[in-house]
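A look at the structure
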Amino acid sequence: MVKLTMIARVTDGLPLAEGLDDGRDQKDADFYKQQAKLLFKNLSKGQHEASRMSIETGPYFFHYIIEGRVCYLTMCDRSYPKKLAFQYLEDLKNEFERVNGNQIETAARPYAFIKFDTFIQKTKKLYLDTRTQRNLAKLNDELYEVHQIMTRNVQEVLGVGEKLDQVSEMSSRLTSDTRIYADKAKDLNRQALIRKYAPVAIVIGVVLMLFWVKNKIW
């Protein structure tokens, strides 16, 4: 099962998008999100050996692909098929490039593509049940192979000691970042509702005012 989804720019590690509901039912969610951010930081320093990799971390696996200077990362249960995890990332990559490709390099703030969460959630649902006919077909697709994708341990990638200590030290910051990200999403939804219903409310208000004036005159 997909537990976490994050997209970041490789050149500087800037987070671009994230699955908003990821980690709500997961213990130590902030810890693993911070690990993901440290992975992005390492990638921004050129510390990556392959454009596709799987990384063991506790009871989970990070899987990532790098394409067009963007890293698409997901964290799944160990039992979740590696092949589906990478095809999930491919789907995200194709849509993200199509919708935001010409804006990636100019993005100046974290989570600039917050609206992409809608597509993340929709796509994640398609990959939830590994036994559906659609996903079984993907598992049996001989043209898409993942056997050659390297698997490493998170301690090898981040290093033991200092870098892993940073995960604990910096995890508290992630909580506030996540709240800010969620608040922005709520604001966007609120603004959309206002734009949708404000004209209707104005018309109703004018009609009521005219009705009230008419009653006063008569």
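Just so it is clear, the structure is predicted and the values come from calculations on it, not from any experiment. (Residues numbered from 1 in each chain as written. Predicted model: local features only at pLDDT ≥ 70, side-chain atom pairs only at ≥ 80, totals over all residues. Heavy atoms only, no water.)

Brief notes about the overall build of the protein
Looking only at helices and strands, one finds six helices and six strands in the protein. Ordering the α and β elements of the protein from the N terminus gives β-β-α-β-β-β-α-α-α-β-α-α. In the protein, buried positions account for 42% of the 218 residues. By sequence separation, contacts in the protein at least 24 residues apart represent 69% of the contacts at least 6 residues apart. Of the accessible surface of the protein, which amounts to about 12700 Å², a share of 55% is contributed by carbon and sulfur atoms. (Helix = DSSP H or I, 4+ residues; strand = E, 2+ residues; numbered from the N terminus. Buried < 20%, exposed > 50% of the residue type's maximum accessible area, 1.4 Å probe, protein only. Contact = heavy atoms within 4.5 Å. Areas by Shrake-Rupley, 256 points an atom, 1.4 Å probe, with all protein chains shown as cover.)

Considerations on the sheet that holds strand β6 (residues 150-153)
The sheet built from six strands is open, its strands ordered β2-β1-β5-β4-β3-β6 with mixed pairing. The open sheet is flanked by β2 (15-18) and β6, the only strands paired with a single partner. Here the average twist between neighbouring strands, direction ignored, is 20 degrees. Sheet topology places strand β3 (residues 52-57) next to strand β4 (residues 60-67); six bridges connect them, and they run antiparallel. Across the sheet, the residue bridging to methionine 53 is tyrosine 64, located in β4. Helix α1 (residues 29-44) rests against β1 (2-9), β2, β3, β4 and β5 (70-77) of the sheet, and its axis sits at about 30 degrees to β1. (Pairing = 2+ DSSP bridges. Axes fitted to C-alpha atoms, helices over the stretch in contact; angles between N-to-C directions.)

Regarding a nonpolar patch on the surface
A cluster of nonpolar residues, Val200, Ile204 and Leu208, forms a patch on the protein surface that exposes about 280 Å² of accessible area. Mapped onto the elements, leucine 208 comes out in helix α6 (residues 162-217). Exposure remark for leucine 208: the relative accessible area of 54% places this residue in the exposed category. (Patch = residues over 30% accessible without salt bridge, like charges linked within 9 Å, V, L, I, M, F, W, Y side chains within 5 Å. Salt bridge = Lys/Arg side-chain N within 4 Å of Asp/Glu carboxyl O.)

Remarks on α1
The terminal C-alpha atoms of α1, which comprises 16 residues, lie 23 Å apart, in line with the 22 Å expected from a rise of 1.5 Å per residue. The buried fraction of α1 is high, at twelve of 16 residues. The positive-phi residue at the C-terminal boundary of α1 is glycine 46, with phi of around 80 degrees. (Expected span 1.5 Å × (residues − 1).)

As for unusual backbone geometry
Of note in the backbone geometry, arginine 69 takes a positive phi value of approximately 65 degrees without being a glycine. Relative to the helices and strands, arginine 69 resides in the loop between β4 and β5. According to the relative accessible area criterion, arginine 69 is partly exposed, its value standing at 49%. Of note in the backbone geometry, tyrosine 111 takes a positive phi value of approximately 55 degrees without being a glycine. Examined against the element boundaries, tyrosine 111 turns out to sit in the loop between α2 (82-100) and α3 (117-126).

So, the nonpolar core
Ranked by internal contacts, the top residues of the largest apolar core, which has 27 residues, are Ile7, Leu16, Tyr72, Phe86, Tyr88, Phe96 and Phe116. Elements supplying a minimum of two residues to this core: β1, β2, β5, α2 and α3. The leading source of residues in this core is α2, at seven residues. Core analysis: the next-biggest nonpolar cluster, separate from the first, contains 23 residues, Leu4, Tyr32, Tyr60 and Ile66 among them. (Core = buried A, V, L, I, M, F, W, Y, C linked by side-chain atoms within 4.5 Å.)

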